[in-house]
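Structural description and commentary
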Amino acid sequence: MDMTLESCRKFVEVLASDAPAPGGGGAAALVGAIGTALGNMVGSLTVGKKKYAEVEEEILALKAKCDKLQKELLDQVEADDIGFVPLAKAYGIPKDDPNRAEILEKATVTACAVPMHIMELCCQSLDCIAVFAAKGSRLAVSDAGCAAVCCKAAMQAASLNVFINTKSLKNRDVAEEMNRQANVMLNKYCGLADDIFEEVRDNFR
């Protein structure tokens, strides 16, 4: 079941239950979509205003990009569920099955793919949000700050879903490469999100 088609209340109720999905990855994707949409809202409140005519073309381009990003992030809620299924099944294979280790290894790599993609999408969103915060409507600048905070949280949450799986991989070269990629994104974009937050907060001091 695609939980993004349910109400917010239903999503939260199922998230709090013992259902296997949505879990941390699905929640991260939803929060990332919300953060992206908040940034997009700043863009919507900027276009058409004479005061921001000089940046309208740039803002419109970013809005089109964010339209795609927020949709793709929502798609990752169900994708994360689907990506976890092979791993859940693999853990159920009897330990004396000679194929268990290989199946579990492949399923673990598969389970990392969606949270890694969520991180990548959040990075792209934060690049857009940085521009919305700097050039968008001053009346909505707080929303740009909120957007950055949400996308940072989503990225960090998704990274934990990567790290918990890479820890159990037998192929340490594959594991360390995924860890490296995740940490590069965290190091760069958590800093960007913090910079956006601080710059927005400075508007109110």
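The written sequence of each chain sets the order in which its residues are numbered from 1. Local features in this predicted model are restricted to residues of pLDDT 70 or higher, and side-chain atom pairs are both shown and tallied only at a pLDDT of 80 or more, whereas totals for entire chains, interfaces and linings draw on every residue. To get the side-chain values, all heavy atoms of the structure are used, and hydrogens and water are removed first.

Our next topic: the overall build of the protein. Helix and strand assignments come from DSSP, with helices taken as H or I runs of at least 4 residues and strands as E runs of at least 2, each series counted from the N terminus. When helices and strands are counted, the protein shows six helices and zero strands. From first element to last, N terminus to C terminus, the protein shows the α and β order α-α-α-α-α-α. Overall size of the protein, expressed as C-alpha extent along the three principal axes, is 70 × 35 × 30 Å. The buried share among the 205 residues of the protein stands at 42%. When contacts within the protein are restricted to residue pairs at least 6 apart in sequence, long-range pairs at least 24 apart make up 75% of them. The protein chains shown are the only cover counted for residues, whose accessible areas, like all others here, come from Shrake-Rupley with a 1.4 Å probe. Total accessible area on the protein stands at roughly 11000 Å², and carbon and sulfur atoms take up 58% of it. Placing the 23 positive and 29 negative side-chain charges of the protein at their respective mean positions leaves the two points 3 Å apart. In this scheme, a residue with accessible area under 20% of its type's maximum is buried, one over 50% is exposed, and one in between is partly exposed, where area comes from a 1.4 Å probe on protein chains only. Note on contacts: a residue pair qualifies if any of its non-hydrogen atoms lie within 4.5 Å across the two residues. Neither His nor the chain termini are counted; the positive set is Lys and Arg, and the negative set is Asp and Glu. Just so you know, the charge point we use is NZ for Lys, CZ for Arg, CG for Asp and CD for Glu.

Next up on the list: the packing of helix α2 (residues 24-44) against helix α3 (residues 56-91). Axis lines are fitted to C-alpha atoms, over the contacting stretch for helices. Their N-to-C directions set the angle, which ranges from 0 to 180 degrees. Here α2 crosses α3 at 165 degrees, and the two axes come no closer than 8 Å. When the interaxial angle is binned, α2 and α3 end up roughly antiparallel. Relative to α3, the crossing made by α2 is left-handed. Between α2, through G25, G26, A29, L30, G32, A33, T36, A37, N40, G43 and S44, and α3, the contact on the second element is made entirely by I59, K63, C66, D67, L69, Q70, L73, L74, Q76, V77 and D80. With respect to orientation, any angle under 35 degrees is reported as roughly parallel, any angle over 145 as roughly antiparallel, any angle of 65 to 115 as roughly perpendicular, and every other angle as oblique. Here a crossing is called left-handed whenever its near helix is offset anticlockwise from the far helix by less than a right angle, and right-handed whenever the offset is clockwise.

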